[in-house]
Protein chains: 2
Amino acid sequence: MERRGLMLVVSSPSGAGKTTLSRGLLAAEREIVMSVSMTTRPPRPGEMEGKDYFFIDEVTFNLMVNRQEFLEHAKVFDYYYGTPAKPVFAALQSGRDVLFDIDWQGTQQLAQSARDDLVSVFILPPSTAELERRLKRRAQDSAQVVARRMAKAADEMSHWAEYDYVIVNHDVEASLAQLRSILTAERLRRTRQVGMVEFVKSLREWQ
Amino acid sequence: MERRGLMLVVSSPSGAGKTTLSRGLLAAEREIVMSVSMTTRPPRPGEMEGKDYFFIDEVTFNLMVNRQEFLEHAKVFDYYYGTPAKPVFAALQSGRDVLFDIDWQGTQQLAQSARDDLVSVFILPPSTAELERRLKRRAQDSAQVVARRMAKAADEMSHWAEYDYVIVNHDVEASLAQLRSILTAERLRRTRQVGMVEFVKSLREWQ
């Protein structure tokens, strides 16, 4: 059945499990691709052009901003980050879905050009204690650094109510199954199955 | 997580597999109950009061219509059928979902009292040939009877575009998995997880 792809945004505070769930989804599902951002930040060791980011210079970035070639963009510290529109629309048109790993600000920008194509999921940690444990495990940092991360997480979490779906990540396997169910269901939405009009017509032509 | 139940309507032309899928869903999922209709039709052999139908007399039926105690009702041939509202709202309130086996006319009526609680799924047969095969297998009837059923199916199918989701039933197992995904996803909708406001508040109170 011919269908129109959808834009799946997964956001969460750092430490709630977003990256693990996104990777799991990409590994488990076909016909979904990750949106690769562009950035003016230099590559870190091990980062690959076109996989982790497209690394571009600031002149190019600003040119693209002026041409409105980004679905969303932001400045974080000294560097610019943006989601190029062209590959996203090409994927949707060909019936593939696109997964976005962006925060609530990016989601708000994206919503303006996405309309009915956007499906947004917010991942929450099961408890504050668990979030703190994950943020501590992740880096051997001072109490102050962890506290700052927790404050940032609390700030990010204040935007949960702007999302279509909410998953509380008690268990990665269960949460991944839930995320896959959301994708499966949204693909079955009547409005996305653009080949359905012709198909039902063919079914009804029997008479 | 405290949540508000949803009303899941599954409609299809006769022969598309709706009954099999509904039974499969009820067997596989917890916290979902079947809506039991009331009817003035006398019970057929083997039908059980409160399971297949609630069998009531016409005076009672009309009284309930006047009191607006039905979510939807209709006259089919000589008998009346209706969905009593009270058990449905009680189930939703307690966080259970309710499954409805009704046609497009019932769905339209139901939508008026259901608002955001309604999730509707239309099941289509994979082909006209397969639909005809299923309608023939089901009863040893004349070509004329099968033709009339096919015409009725074609009429029912003309309402597919009034539903939220569409499943083409190529294979019962795959379709059941899709139906379960729809239920799982809809339960994860932010608006249905009424306990989430307090939960996120507790997460953010850490600071």
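Refer to the structure above for everything that follows.
Heads up: these notes are all about the structure in this document. Bear in mind the structure is a predicted one, so any value in this text is a computation, not a measurement.

## Details of the overall build of chain A
Assigned secondary structure in chain A consists of eight helices and nine strands. With respect to the principal axes defined by its C-alpha atoms, chain A has extents near 75 × 45 × 30 Å. Buried positions account for 35% of the 207 residues belonging to chain A. Sequence-distant contacts, at least 24 apart, represent 70% of the contacts inside chain A between residues at least 6 apart.

## Considering the relation of the copies chain A and chain B
For the match of chain A to chain B, the screw axis carries a shift of 0.0 Å, the RMSD comes to 0.1 Å, and the turn is 180°. Within this description, the copies of the chain are treated as partners about a two-fold rotation axis. Looking at the rotation axis and the C-alpha trace of chain A, the residue lying nearest is A:Ser181, at 2.2 Å. A shared interface surface links the copies, since 100% of the contact residues of chain A are contact residues in chain B too.

## Observations regarding the pairing of strand 7 (residues 97-100) of chain B
Residue and element names in this part refer to chain B. Alternating residues of strand 7 divide into Asp97 and Leu99 and Val98 and Phe100, and every residue in both groups is buried. Relative to strand 7, strand 1 (residues 7-11) is paired through three bridges, and the arrangement is parallel. The partner of Leu8 across the bridge, within strand 7, is Leu99. Summarising the sheet, strand 2 (residues 32-34) and strand 7 pair through three bridges and their orientation is parallel.

## Remarks on the interface of chain A and chain B
Between chain A and chain B, the residue contacts involve 32 residues of the former and 32 residues of the latter. Looking at the side of chain A that touches chain B, the elements that each hand over two or more residues are helix 6 (143-157), strand 9 (165-168), helix 7 (172-187) and helix 8 (196-204) of chain A. Per-element accounting of the side of chain A that touches chain B gives the leading share, five residues, to helix 7 of chain A. Across the side of chain A that touches chain B, the residue classes tally to 21 nonpolar, seven polar and four charged.

## Focus: the sheet that holds strand 3 (residues 38-39) of chain A
All names here are of chain A. The strand order across the open sheet formed by four strands is 4-3-6-5, and the pairing between neighbours is mixed. Of all strands in the sheet, those bounded by a partner on one side alone are strand 4 (54-55) and strand 5 (70-76). Pairing of strand 3 with strand 6 (residues 79-84), which is carried by two bridges, proceeds in the antiparallel orientation. Directly across from Thr39, in strand 6, lies its bridge partner Tyr81. Against the sheet, helix 2 (residues 58-66) touches strand 3, strand 5 and strand 6, its axis set at about 50° to strand 6. Packed onto the sheet, helix 3 (residues 85-93) meets strand 5 and strand 6 and runs at close to 25° relative to strand 6.

## Here we look at unusual backbone geometry
Residues and elements named next belong to chain A. Residues other than glycine seldom take positive phi values, yet Gln68 does so here, at roughly 55°. For Phe77, which is not glycine, the phi dihedral falls at a positive 55°. Within the fold, Phe77 resides in the loop between strand 5 and strand 6.

## A word on the environment of B:Pro43
All names here are of chain B. By secondary structure assignment, the location of Pro43 is in the loop between strand 3 (38-39) and strand 4 (54-55). The class of Pro43 is exposed, set by 12 C-beta atoms lying within 10 Å. Note: C-alpha distance between Pro43 and Val33 (ten residues apart in sequence) is 22 Å.

## Things to note about the sheet that holds strand 1 of chain B
In a beta sheet, neighbouring strands are held together by backbone hydrogen bonds and run either parallel or antiparallel to one another. Residue and element names in this part refer to chain B. With respect to topology, five strands assemble into an open sheet ordered 2-7-1-8-9, the strand pairing being parallel. The sheet is open, and its two edges are formed by strand 2 and strand 9 (165-168), each paired on a single side. The average undirected angle you get between the axes of adjacent strands in this sheet is 25°. The sheet contact formed by strand 1 and strand 8 (residues 118-124) spans five bridges and is parallel. From the neighbouring strand, Leu8 faces strand 8, where its bridge partner is Val119.

So, how was this worked out
- Residues numbered from 1 in each chain as written.
- Chains lettered and ligands numbered in written order.
- Predicted model: local features only at pLDDT ≥ 70, side-chain atom pairs only at ≥ 80, totals over all residues.
- Helix = DSSP H or I, 4+ residues; strand = E, 2+ residues; numbered from the N terminus.
- Buried ≥ 20, exposed ≤ 12 C-beta atoms within 10 Å, placed from the backbone.
- Contact = placed C-beta atoms within 7 Å.
- Least-squares fit on C-alpha atoms with pLDDT ≥ 70 in both.
- Pairing = 2+ DSSP bridges.
- Nonpolar A, V, L, I, M, F, W, Y, C, P; charged D, E, K, R; others polar.
- Axes fitted to C-alpha atoms, helices over the stretch in contact; angles between N-to-C directions.

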